[in-house]
Amino acid sequence: MPTTTAVNFDPTSPSDAQAAERFRNLLDIAPDPILEVDAAGRIVLANKEAEKLFGWTRTELAGQPIEMLLPERFRQEHATHRAHYSVRPKTRPMGTGLDLYALRKDGTECAIDINLSPVSAAGGRVMCIIRDISERRHTEEQIQILNQNLERRTEELAAVNQQLELRNLEVERANVLKSEFLASVSHELRTPLHAIIGFSELLAEETAGDLNSKQKRFTSHIHQGANHLLELINDILDLSKIEAGQLELRQETFALGSAMSEVLSSIRPLAFHKSIELADEIQPDLSIFADRIRFKEIIFNLFSNAIKFTREGGTITVRSANLPDQIRISVRDTGIGIAKEEHESIFQTFRQVASTTKGVREGTGLGLAITKRLVEQHGGQIWVESELGAGSEFLFTLPRPVVTGGDEQPDFTPTVVLVVEDDESSRELVVSYLESEGFKL
Ligand code: ADP
């Protein structure tokens, strides 16, 4: 009985001829190149796709060893390999998934995948279904390259991270060293500076003998210069202590009014000197919870800036607000103001607004940086509301003091004082001092 396989049919029989025709058509419409190889490794059949892939015609291929379609380097190995094609096909499906390179007639190569099916009833012939997998190979290679790149990047990143960690440690250590260095240098510098300031004061008082006007001027320069240096050193020391986390706050609950009057009495002469009015609008009986000395430093810094940047005849107003969960204090001036874009930067170290200072250059540029850190260490916030030419208002918050029942409230009944002085400005000065101390005039 005739079969439909390619080998056992009789082309002279009409039904076999039809079957052969159908078989050839089938082979030629197959999307993959197909070859049939006999037991000796010779090509006995090739379809259209095989012609297309290899560039040889079927006639050229017929009877040729299959190795002609392989690049030189695979030929020998392949010939031995081929010997096993049809030995134990069931237990050793040799060709399945075999990745190879094919050689075309024009000498070019392409990656292929061969699927071998031994045709057991045909005396060791083997059907090879070939697939051009150049693109897949290419993609796989690309993926491999990408993976390798990724691995390299990950390794590089890990190395950078490690370096960064080391750097961080170094920076931390350097910071601590810097603070320690500053602390000891500042201390060493302050002692001789106090001597310079003290002796220049003594000279200016002429206790050691009279000075001519030039000598007086020179002495005053020495005194001013030394004072400025001292201020700078104190600021740097303060800042380095804060940054090194060495500044300990001694927080206590105290009346805002009393601390404010202490600051006001030290700032009043400066304001008086520039005919600046100081308006105290705080609620004196309001209690705050802060380090008293540091709180006064905050207020003092804000006041001295306000005086520095306010023209003669201006006004500085200090206010307090008792908010639900914090106390807000503000120092407002009628001075030169600060442009919006500088509102953040002025709180950085050594930042002075060149355009707004307009020649006022007596500061260190550290005041607000220290003030901000002090406020924040108290758990508060500080910011500025200002416009160029329209004055500035510096506001800061402090957490409300914890109310512990039974605390005694300080006695705020003011003592009445009568001031008798015929010189108006001196009277005003005395009055402002006494008022700031809580006396009623
Ligand atoms: P400085 O020692 O220069 O006062 P600060 O840190 O206290 O340093 O202030 C930084 C800068 O912020 C000042 O140089 C000034 O440009 C600006 N500034 C601070 N306070 C005021 C203010 N009340 N009015 C206008 N400008 C101010």
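Residues numbered from 1 in each chain as written. Predicted model: local features only at pLDDT ≥ 70, side-chain atom pairs only at ≥ 80, totals over all residues. Heavy atoms only, no water.

1. Some details on the overall build of the protein chain
In terms of helices and strands, the protein chain carries 11 helices and 12 strands. The contacts of the protein chain with a sequence gap of at least 6 include a subset with a gap of at least 24, amounting to 61%. Carbon and sulfur atoms provide 54% of the accessible area of the protein chain, an area that totals close to 26,900 Å². (Helix = DSSP H or I, 4+ residues; strand = E, 2+ residues; numbered from the N terminus. Contact = heavy atoms within 4.5 Å. Areas by Shrake-Rupley, 256 points an atom, 1.4 Å probe, with all protein chains shown as cover.)

2. A few points about the sheet that holds strand 10 (residues 326–333)
The strand order 7-9-10-12-11 describes an open sheet built from five strands, whose pairing is mixed. Every other strand in the sheet has two partners, leaving strand 7 (277–281) and strand 11 (382–386) as the edge strands with one partner each. The sheet shows a mean angle of 15° between the axes of neighbouring strands, direction not considered. Note: strand 9 (residues 315–322) against strand 10, seven bridges, orientation antiparallel. Looking across to strand 10, one finds that S320 is bridged to I329. (Pairing = 2+ DSSP bridges. Axes fitted to C-alpha atoms, helices over the stretch in contact; angles between N-to-C directions.)

3. Observations concerning the packing of aromatic side chains
Per the stated rule, a full pass over the model turns up four aromatic pairs. Between F254 and F295, the ring centres sit 5.9 Å apart and the planes meet at 65°, which makes this aromatic pair edge-to-face. Here the residue F254 occupies a position in strand 6 (residues 251–255), and F295 occupies one in helix 8 (residues 292–308), the gap between them amounting to 41 residues. In this pair, the class of F254 matches that of F295, namely buried. For the ring pair F347 and F394, a centre distance of 6.2 Å and an interplane angle of 70° mean the geometry is edge-to-face. Within this pair, whereas F347 is found in the loop between strand 10 and helix 9 (354–357), its partner F394 is found in strand 12 (residues 392–399), the two being separated by 47 residues in sequence. Look at F394 and you get buried, because its relative accessible area is 7%. An aromatic cluster of three or more residues is present, and its members are F254, F295 and F396. Sitting over the face of the ring of Y101, R73 holds its NZ or CZ atom 5.7 Å from the ring centroid. Between the NZ or CZ atom of R292 and the centre of the ring of F254, over which it lies, the distance is 5.1 Å. (Phe/Tyr/Trp six-rings, centres within 6.5 Å; stacked < 30°, edge-to-face > 60°. Buried < 20%, exposed > 50% of the residue type's maximum accessible area, 1.4 Å probe, protein only. Lys NZ or Arg CZ within 6 Å of the ring centre and 35° of its normal.)

4. Here's the deal with the pattern of salt bridges
Scanning all chains against the criterion turns up 20 salt bridges. In this structure, the salt-bridge partner of E156 is R152, at a minimum N-O distance of 3.7 Å. Here E156 pairs with R152, and both are found in helix 5 (residues 134–204), just four residues apart, close to one helical turn. For E156, a relative accessible area of 41% gives the class partly exposed. (Salt bridge = Lys/Arg side-chain N within 4 Å of Asp/Glu carboxyl O.)

5. Description of the site of the ligand
Near the ligand lie 21 residues; those nearest to it are N305, K308, Q352, T364 and L368. Here an oxygen atom of the ligand and a side-chain polar atom of N305 are 2.8 Å apart. The backbone of G365 places a nitrogen or oxygen atom 2.8 Å from an oxygen atom of the ligand. Against a free-state accessible area of 530 Å², the protein chains account for coverage of 98% of the ligand. For the shell around the ligand, the elements supplying multiple residues, two or more each, are helix 8, helix 9, helix 10 (367–377) and strand 12. (Near = heavy atom within 4 Å. Polar contact = N/O pair within 3.5 Å; in protein donor to acceptor, adjacent residues only side chain to side chain.)

6. Some points on a negative patch on the surface
Residues E277, E421, D422, D423, E424 and E428 make up a contiguous surface patch of negative charge. Relative to the elements of secondary structure, E421 occurs in the loop between strand 12 and helix 11 (424–436). The exposure class assigned to E421 is partly exposed, which follows from its relative accessible area of 30%. (Patch = residues over 30% accessible without salt bridge, like charges linked within 9 Å, V, L, I, M, F, W, Y side chains within 5 Å. Lys, Arg positive; Asp, Glu negative; His and termini not counted. Charge placed at Lys NZ, Arg CZ, Asp CG, Glu CD.)

7. Section: the nonpolar core
In this structure, M260, F295, F303, I329 and F396 are the most contacted members of the largest nonpolar core, which totals 45 residues. Not counting residues within four places of it along the chain, the set of residues in contact with I329 comprises L256, M260, F295, I299, V318, R319, S320, F394, L395 and F396. Within the second largest apolar cluster, 22 residues are counted, among which are L35, F54, M68 and F74. (Core = buried A, V, L, I, M, F, W, Y, C linked by side-chain atoms within 4.5 Å.)

8. Some details on the pairing of strand 1 (residues 34–37)
As a general feature of sheets, a regular strand has side chains that alternate between the two faces. Residues of strand 1 alternate between two faces, with I34 and E36 on one and L35 and V37 on the opposite face, all of them buried. As paired elements, strand 1 and strand 5 (residues 125–132) share four bridges and run antiparallel to each other. Paired with V37 across the strands is V126, a residue of strand 5. Here strand 1 folds back onto strand 2 (residues 43–46), and the loop between the two strands holds five residues, one of which, G41, carries a positive phi near 85°.

9. Quick notes on empty space enclosed by the protein
Rolled over the atoms, a probe with the dimensions of a water molecule shows which regions are left empty. Going through the model one piece at a time under the given rule, you end up with one cavity of 30 Å³ or more. Of the voids in this model, the largest cavity is the one considered here, and its volume is about 90 Å³. Lining the largest cavity are 12 residues, and of these L35, I66, L70, I114 and I130 lie nearest its centre. Breaking the lining of the largest cavity down by element, the ones donating at least two residues are strand 4 (109–119) and strand 5. Per-element tally for the lining of the largest cavity: the top contributor is strand 4, with three residues. (1 Å grid on protein atoms, 1.4 Å probe; cavity = no way out; pocket = protein on both sides within 12 Å on 5 of 7 lines; lining within 4 Å. Points joined across faces, edges and corners; volume = space filled by probe spheres on them.)

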